[in-house]
Amino acid sequence: MVSSRFRLTLRPEVIMYILCSCTVVVAYDLFDPTANITITWDVVSWTRDGYVAVVKMNNYQMYRQIMSPGWTLGWTWSKKEIIWSIVGAQATDQGECKEFQNDIPHSCEKNPRIIDMHPGTPYNQQFANCCKGGVVSSLGQDLENSLSAFQISVGNSGNTYRTVSLPKNFSLFGPNQGYTCSPVSVVPSSVSLTSGGRRKNRALMTWKLVCSYSQLLASDTPTCCVSMSSFYNSEITPCPSCACGCMNNKNCALIKSTLQQMEGTTPVKQCTQHMCPIRVHWHVKKNYKTYWRVRITITNFYYNFNYTKWTLVAQHPNLNNVAKVSNFIYKPLLLYEHINDTGMFYGVKKLENDLLLDAGSNGSVHSEIILKKDRKMFTLKHGWAFPRRIYFNGDECIMPLPVSYPSLPNSVLPNLDIKPVVIIQVLVAILYQFL
Ligand SMILES: *[C@@H]1O[C@H](CO)[C@@H](O)[C@H](O)[C@H]1NC(C)=O
Ligand SMILES: *[C@@H]1O[C@H](CO)[C@@H](O)[C@H](O)[C@H]1NC(C)=O
Ligand SMILES: *[C@@H]1O[C@H](CO)[C@@H](O)[C@H](O)[C@H]1NC(C)=O
Ligand SMILES: *[C@@H]1O[C@H](CO)[C@@H](O)[C@H](O)[C@H]1NC(C)=O
């Protein structure tokens, strides 16, 4: 009696729920512990009534980008500051400027919100590293485009190092609501090199803040899931049911054409049993003598939403020995020198698979990876060939339960006697979430 009740509480859905909630609580990046977006203000000149500053936003996240429609940066002025002008970006609201007669400020908002300009902005309104529609690449994928910048001219402000008051209460919005920003602090002035590196220039004053991401803040539900299959078992292990929420008649569409009639162009998920916008499928394809082959397929289940410059992170012990990756670019993420089991994948612009098209026959991208075996480690048993963790665009994906992984045909376990194994595997899985 007791044992049957115990079994009941360990039903997969229940365990899934526990696993999901543990997973999402992780507030920092396991594979990128210093990940952050650093925002610096360099005062480049003092003016009659304030200052001119260069604002830079550096994305120091290896595999998390700011996607289209781009960032919005907000703050609160500490006094009655106004924005005279901005080059390379703009405030979303001019606000109430009625006190001004001749020169009308760009914005008089107490809580201004700034957005980037779009590509193709006239030259005289551009600034270095501006005008990318607010899209900022991840550091691992595209170092050159991991920076966004604009120049701002502030009035009604102190105009010396001692009298200036710093903006406060920063927030970074965007397609992702998951960022929280630190308070602002004055730091040693930024140094830049001019004259071919022979002369050092210093900002008159620099202040800085750091914004960091939490998946828990970004979304109540996970955003991707993992499914599996193998050459040695014809059964496919699907994504866990309701991994990213459950289907109802309002939150999804069966086919795109019905959607276009009712919804226009807003992104809507395709109805699936997992309801995740992204599924990552890991297929163990071949076992050679000294190598083995995996096929990874990423599928988009959003109608009317393309993922540009997506990233995928995988953790698997054999990623320390990647021999060949087709279609995608692979970059190891060296966390600790002696543990080299994690890496990121992303699409190749030339192959046009850095763009993951919306749901439908073209809405997936794939790669095949050949890994060199370490004979001491390699096994097809116990789900070893499957990944330990998968992240898509920096968000952790929900994995199937270890008990449902494709099993070797000869390891047919009698159904009734697996209880202890199930429990141990589940405990290990839960424990793993905390490591
Ligand atoms: C932000 O990232 C930079 C670059 O990786 C790092 O040097 C810095 O320590 C990080 N800051 C915080 C507060 O994590
Ligand atoms: C801080 O910023 C948020 C978001 O911009 C805003 O709603 C809030 O009013 C600000 N807080 C203060 C004290 O101004
Ligand atoms: C997705 O990309 C395709 C190809 O570039 C484009 O035709 C389509 O309009 C895009 N869809 C959305 C919703 O942006
Ligand atoms: C998929 O791509 C092919 C080749 O670009 C194109 O001919 C076809 O119409 C696309 N299918 C859909 C459903 O968009």
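Residues numbered from 1 in each chain as written. Chains lettered and ligands numbered in written order. Predicted model: local features only at pLDDT ≥ 70, side-chain atom pairs only at ≥ 80, totals over all residues. Heavy atoms only, no water.

Whenever I open this one, the site of ligand 1 confuses me. Can you help?
Every residue near ligand 1 is listed here: Thr-34, Asn-36, Thr-38, Tyr-60 and Val-210. Take Thr-34: an N or O atom from its main chain is 3.5 Å from an oxygen atom of ligand 1. Take Asn-36: an N or O atom from its side chain is 2.3 Å from an oxygen atom of ligand 1. Residues that form the shell around ligand 1 fall into these classes: two nonpolar, three polar and no charged. (Near = heavy atom within 4 Å. Polar contact = N/O pair within 3.5 Å; in protein donor to acceptor, adjacent residues only side chain to side chain. Nonpolar A, V, L, I, M, F, W, Y, C, P; charged D, E, K, R; others polar.)

What's the story with the site of ligand 3 in this structure? I'm lost.
All residues adjacent to ligand 3 are Asn-304, Asn-306, Leu-355 and Leu-357. Here Asn-306 contributes a side-chain N or O atom positioned 2.3 Å from an oxygen atom of ligand 3. Calculation on ligand 3 without its partners gives an accessible area of 360 Å², and the protein chains cover 36% of this total. Tallied by class, the residues present in the shell around ligand 3 amount to two nonpolar, two polar and no charged. (Areas by Shrake-Rupley, 256 points an atom, 1.4 Å probe, with all protein chains shown as cover.)

Please clarify how the sheet that holds strand β27 (residues 389-392) should be interpreted in this entry.
The five strands are arranged β23-β24-β21-β27-β28 in an open sheet whose pairing can be described as antiparallel. The open sheet has two edge strands with one neighbour each: β23 (329-332) and β28 (395-396). Of the strand pairs in this sheet, strand β21 (residues 311-315) and strand β24 (residues 342-346) are connected by five bridges, and their pairing is antiparallel. Opposite Val-313, over in β24, you have Met-344 as the bridge partner. (Pairing = 2+ DSSP bridges. Helix = DSSP H or I, 4+ residues; strand = E, 2+ residues; numbered from the N terminus.)

Is there a simple way to think about the sheet that holds strand β5 (residues 89-91) in this case?
Paired through their backbone hydrogen bonds, the strands of a sheet run either parallel or antiparallel. The antiparallel open sheet is built from four strands, whose spatial order is β5-β6-β3-β8. Single-partner strands in this sheet number two, and they are β5 and β8 (168-173). Going across the sheet, the axis of each strand differs from the next one's by a mean of 20°, ignoring polarity. With three bridges joining them, strand β3 (residues 72-76) and strand β6 (residues 113-116) adopt antiparallel strand pairing. Each bridged residue has a counterpart across the sheet, and for Leu-73 the counterpart in β6 is Ile-114. (Axes fitted to C-alpha atoms, helices over the stretch in contact; angles between N-to-C directions.)

It is not clear to me how the state of the cysteines should be interpreted in this structure. Could you clarify?
Covalent bonding between the sulfur atoms of two cysteines defines a disulfide. Under the defined criterion, the tally for this structure stands at eight disulfides. Note that Cys-97 is cross-linked by a disulfide to Cys-108, the S-S spacing being 2.0 Å. Taking the sign of the torsion about the S-S bond as the criterion, the disulfide between Cys-97 and Cys-108, at about 110°, is right-handed. Of this pair, Cys-97 sits in the loop between β5 and β6 while Cys-108 sits in the loop between β5 and β6, and the two are eleven residues apart along the sequence. In this pair, the class of Cys-97 matches that of Cys-108, namely buried. Between the sulfur atoms of Cys-242 and its disulfide mate Cys-246 the distance is 2.0 Å. On the sign convention where negative means left-handed, the S-S torsion of about 125° between Cys-242 and Cys-246 marks this disulfide as right-handed. (Disulfide = S-S within 2.5 Å. Buried < 20%, exposed > 50% of the residue type's maximum accessible area, 1.4 Å probe, protein only.)

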